[in-house]
Number of protein chains: 2
Amino acid sequence: MLPGPPRELRPMFDDTVVPLLKREFPLEAEFVCRTLKTTGVGESIAQQKIEPPLRKLVAEGLEIGYCARIGAVDVRLVAHGPKATTLVSDAERIVRQELSAAVYGEDEDTLESVIVRLLMEKRQALAVAESCTGGGIGNRITNVPGSSAVFLGGFVTYSNAMKEKFLGVRTETLAALGAVSEQVAREMAEGAKRQTGADFAIAVTGIAGPGGGTVEKPAGTVFIALASAQGTEVLKMFNPWDRETFKEVTAQQALNQLRLKLLK
Amino acid sequence: MLPGPPRELRPMFDDTVVPLLKREFPLEAEFVCRTLKTTGVGESIAQQKIEPPLRKLVAEGLEIGYCARIGAVDVRLVAHGPKATTLVSDAERIVRQELSAAVYGEDEDTLESVIVRLLMEKRQALAVAESCTGGGIGNRITNVPGSSAVFLGGFVTYSNAMKEKFLGVRTETLAALGAVSEQVAREMAEGAKRQTGADFAIAVTGIAGPGGGTVEKPAGTVFIALASAQGTEVLKMFNPWDRETFKEVTAQQALNQLRLKLLK
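Please read these numbers as outputs of a predicted model, since none were measured by experiment.

Draft legend 1. The packing of helix H4 (residues 111–122) of chain A against helix H9 (residues 243–263) of chain A, seen in detail. Residues and elements named next belong to chain A. Two numbers describe how H4 lies on H9: the axes approach to 10 Å, and their chain directions differ by 35°. Crossing of H4 over H9 shows left-handed handedness. Counted together, Leu111, Glu112, Val114, Ile115, Leu118, Leu119 and Lys122 of H4 and Gln252, Leu255, Asn256, Leu258, Arg259, Leu262 and Leu263 of H9 form the full contact between these two elements. Grouping the amino acids of the contact of H4 with H9 by side-chain chemistry returns nine nonpolar, two polar and three charged.

Draft legend 2. View of the relation of the copies chain B and chain A. Its rotation angle being 180°, the transformation that places chain B on chain A also includes 0.0 Å of axial translation and leaves an RMSD of 0.1 Å. Such a combination of rotation and displacement between the chain copies is what one expects of a two-fold axis. Nearest to the rotation axis, the C-alpha of Gly135 of chain B is located 2.0 Å from it, this being the minimum over chain B. Looking at the interface residues of chain B, 100% of them are also at the interface in chain A, so both copies use one shared face.

Draft legend 3. A look at the packing of aromatic side chains. Scanning the entire structure with this criterion turns up four aromatic pairs over all chains. An angle of 90° between the planes, with centres 4.8 Å apart, marks the rings of Phe166 of chain A and Phe155 of chain B as edge-to-face. In this pair, Phe166 of chain A is assigned in helix H6 (residues 160–167) and Phe155 of chain B in strand S6 (residues 151–157), connecting two distinct chains. Take Phe155 of chain B: its relative accessible area is 0%, and that puts it in the buried class.

Draft legend 4. Summary view of the sheet that holds strand S3 (residues 72–80) of chain A. Residues and elements named next belong to chain A. As summarised here, the arrangement of the four strands in space is S2-S3-S1-S4, forming an open sheet in which the pairing is antiparallel. What marks the edges here is a single partner per strand, and that holds for strand S2 (63–69) and strand S4 (103–106). The mean angle between the axes of side-by-side strands here comes to 25°, regardless of whether they run parallel or antiparallel. Of the pairings in the sheet, the one linking S2 to S3 comprises seven bridges and is antiparallel in character. Paired with Tyr66 across the bridge in S3 is Val75. Lying over the sheet, helix H2 (residues 43–59) contacts S2 and S3, oriented at roughly 170° with respect to S2.

Draft legend 5. Main features of the side chain of Thr157 of chain A. Locating Thr157 of chain A in the fold gives a position in strand S6 (residues 151–157). The exposure class of Thr157 of chain A is buried, given its relative accessible area of 0%. In this structure Thr157 of chain A touches Glu130, Ser131, Met162, Lys163, Leu167 and Met188 of chain A together with Leu152 of chain B, once residues within four positions along its chain are discounted.

Draft legend 6. Geometry of a nonpolar patch on the surface. On the surface, a cluster of nonpolar side chains totalling about 480 Å² of accessible area is made up of Leu2, Met12, Phe13, Leu21 and Phe25 of chain A. Counting through the fold element by element, Phe25 of chain A comes out in the loop between helix H1 (6–24) and strand S1 (31–38).

Draft legend 7. Looking closely at unusual backbone geometry. Residue and element names in this part refer to chain A. Pro210 follows Gly209 through a cis peptide bond whose omega is 0°. Phi angles above zero are rare outside glycine, and Arg123 is one such case at about 50°. With respect to the helices and strands, Arg123 occurs in the loop between H4 and strand S5 (126–130).

Draft legend 8. Representation of the pairing of S1 of chain A in the model. Residues and elements named next belong to chain A. One ladder, built from eight bridges, connects S1 with S3; its direction is antiparallel. Across the sheet, Val32 pairs through a bridge with Ala79, a residue of S3. Bridge count between S1 and S4: three bridges; the pairing is antiparallel. Counted as the bridge partner of Leu36 is Glu106 from S4.

Draft legend 9. Examining the sheet that holds S5 of chain A more closely. Across the sheet, 10 strands lie side by side as S9(A)-S8(A)-S7(A)-S5(A)-S6(A)-S6(B)-S5(B)-S7(B)-S8(B)-S9(B); this open sheet has mixed pairing. Two strands in the sheet have a free side with no partner beyond their single neighbour: strand S9 (231–238) of chain A together with strand S9 (231–238) of chain B. With strand direction ignored, the average angle separating the axes of adjacent strands in the sheet is 10°. Summarising the sheet, strand S8 (residues 221–228) of chain B and S9 of chain B pair through eight bridges and their orientation is antiparallel.

Draft legend 10. Seen up close, the pattern of salt bridges. Evaluation of the coordinates by the stated rule reveals 28 salt bridges over all chains. Note that Lys83 of chain A and Glu60 of chain A form a salt bridge whose closest N and O atoms lie 2.9 Å from each other. Within this pair, whereas Lys83 of chain A is found in the loop between S3 and helix H3 (84–99), its partner Glu60 of chain A is found in the loop between H2 and S2, the two being separated by 23 residues in sequence. Overall, the relative accessible area of 43% leaves Lys83 of chain A in the partly exposed class. A residue is classified by how much of its surface remains accessible, and Glu60 of chain A, at 33% relative accessible area, is partly exposed. Across the pair Glu106 of chain B and Arg34 of chain B runs a salt bridge, and its minimum N-O distance is 2.9 Å. Residue Glu106 of chain B is found in strand S4 (residues 103–106), and its partner Arg34 of chain B is found in strand S1 (residues 31–38); the two are separated by 72 residues along the sequence. Arg34 of chain B sits in the partly exposed class, given a relative accessible area of 22%. Connected through salt bridges with shared partners, the residues Arg34, Glu92, Arg96, Glu106 and Asp107 of chain A form a single ionic network.

Draft legend 11. Structural detail: the interface of chain B and chain A. Every contact between the two is made by 34 residues of chain B and, on the other side, 34 residues of chain A. Summed over both partners, the interface of chain B with chain A buries about 2,700 Å², with 56% contributed by carbon and sulfur atoms. Inspection of the region where chain B meets chain A yields 22 residue pairs in polar contact (both at pLDDT 80 or more). Elements that contribute at least two residues to the side of chain B that touches chain A include exactly helix H5 (136–141), S6, helix H6 (160–167), helix H8 (182–196) and helix H9 (243–263) of chain B. Top element by residues in the side of chain B that touches chain A is S6 of chain B. It accounts for seven residues. Residue composition of the side of chain B that touches chain A, by class: 11 nonpolar, 18 polar and five charged. Where S6 of chain A lies against S6 of chain B, five bridges are found, and the strand directions are antiparallel. Across the sheet, the residue bridging to Gly153 of chain A is Thr157 of chain B, located in S6 of chain B.

Criteria and cut-off values
Residues numbered from 1 in each chain as written. Chains lettered and ligands numbered in written order. Predicted model: local features only at pLDDT ≥ 70, side-chain atom pairs only at ≥ 80, totals over all residues. Heavy atoms only, no water. Axes fitted to C-alpha atoms, helices over the stretch in contact; angles between N-to-C directions. Helix = DSSP H or I, 4+ residues; strand = E, 2+ residues; numbered from the N terminus. Left-handed = near helix turned anticlockwise from the far one by under 90°. Contact = heavy atoms within 4.5 Å. Nonpolar A, V, L, I, M, F, W, Y, C, P; charged D, E, K, R; others polar. Least-squares fit on C-alpha atoms with pLDDT ≥ 70 in both. Phe/Tyr/Trp six-rings, centres within 6.5 Å; stacked < 30°, edge-to-face > 60°. Buried < 20%, exposed > 50% of the residue type's maximum accessible area, 1.4 Å probe, protein only. Pairing = 2+ DSSP bridges. Patch = residues over 30% accessible without salt bridge, like charges linked within 9 Å, V, L, I, M, F, W, Y side chains within 5 Å. Areas by Shrake-Rupley, 256 points an atom, 1.4 Å probe, with all protein chains shown as cover. Salt bridge = Lys/Arg side-chain N within 4 Å of Asp/Glu carboxyl O. Buried area = accessible area lost by both parts, 1.4 Å probe. Polar contact = N/O pair within 3.5 Å; in protein donor to acceptor, adjacent residues only side chain to side chain.

Function cannot be read off these values alone, since they describe shape.
Right under this line is the structure:
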C-alpha cells in the first residue's frame, strides 16, 4: 500500500520499495535500456525507417518499443544478457543515422532542455512572441532550471493592439493580411528580436479554434517565425486538433524549428 | 482491447464501449454525482470543515470522495436510490456554505474557465505580467475557448531589463529591493495594466528554484500582485516545491486572487 500524492509517494518508493525490490528480485547483471527522443516524424514513419536496418539486431535479441506523445515519438531500445551493451549501442547508431536530426535527445532530455543547453553553449539569448500559444512556449522554456541565463522573456500578444504596440507589427499588415498570416508572424518575430536585443526570437500566430476559422484559414492554421542574425524564416503548419492539442503541437513545432536552427 | 492514443480511443469508447456497457450493465435509475471544485484549502481542512455537518446525510447513504490536485481539492458527492437527488443537493448546499468562496466551480469547470466567464459577464479585460511562471498563467487562460474576448495578452519579463523597458519597473526599485519583492510585483502589475489598458492585471515575481534562493528569500518565495481600478493588492506566498510544482501552484494562487476579486 502506497500513498497517492507524488510528494509522499516518491521518497517512500525510493527509500523503501526500491531496496525491497532489489533484495527480493536481483537485477540481471546485464540489462541495457536507452530511449531516443524524436520529434517531427510520426510513429509509423519512424518504424518504417528504422526496423529494416535493425532486423539483424532484433534477431539477436534487441527489443524496440515506441511511445507516441503529442508532437513526439520516443524510441526505446532494450537488450538483456552479455551482448546487451553492444546490441543497444549498435542499434542507437543505426536509429540516429536513419532518423538524423529528428532525434533531439535521449532518456531524460526534453526539447526545451536541449534548447537551453544549446543556447548556453553558444552564449545566445532567446525571446518569444506568442499569440495562439498564449504563453505555452515561455512556460516550457522556463521549466528548465537555469533558463534565466538564456531566456530574456516574451510577449503574449493576443490582441492586435498589443501586436502593434509592443512588437511594431504594422497596422497595414494586420488590415491587409489579417493577424494569422506569414507576414504578421515575420513582423512579430523581428519585433521581439529588435525590442529585446535577443539573438533568436520565435513568434507564433494561428487559429486555435474551435471558433475563428474561415474557408481560407481554417481552425488549425498557424504561422511560426524564427528571427535570427541570418534573417527570418516562416513555417506554415496545419494542426487541426482540439484547442489544447493545437497549442501543444504548435509550441513543439516552434521549439523544434529553433533547435534545428541552433544545430546548423 | 482499446487503442492508446486519446484521439483514437475517445470516439471508439463513446461510440462502441459506452453503448455496450449500458446494454450489459443497465444504470440504476437514480444515481447522482456532483463534483465541487475548491482551491485554497487543503484536503484535511476541507474534510474537517464539511464532514461533521454532513454526518447525518452520510448515515442516509451519501458518499464523499476527495481528489487532491496541485493547488486544488475536488469534493465528490455521490448518492444512489430514490433519495439520491435530495441527498446530493442537500450536501452541496452544506459544502458550499462551509467552504464558501473556496468552491470555485463544479464538474467540468476550471479556475481559468470561471475567470473567463466572470470577465465576460463584467465586460472587463485582463493582462498578465509573468516572471517566474514564464507564461504559464497566459497559457491557462488561453486554454479557454473564447478567451480572446477578455484576455489582451501579457509580458513574460524574465530579465530585469524587460521588467524596466516594458512594464516601467523602476531601476531604483530593482536595485534597492531586488526583482523578487512586493514593490516590484506591484510595479509590474501596475505597468501591465497601464501599458495595455486592461481592467485587471496580474503580476508574479518569485524564485522557482532549485537555485537562486538566499536566506532572506529562499527558493519558493513569490509575490503575486493584482492591479485594478480599486488599487493594487500584493500577496506574499511561500511555495517550496520542485520547480514545475512551484510554477503551477503560483499560477493557481494568482488566478484565484483574481477570481476572489471578481466575485466582490
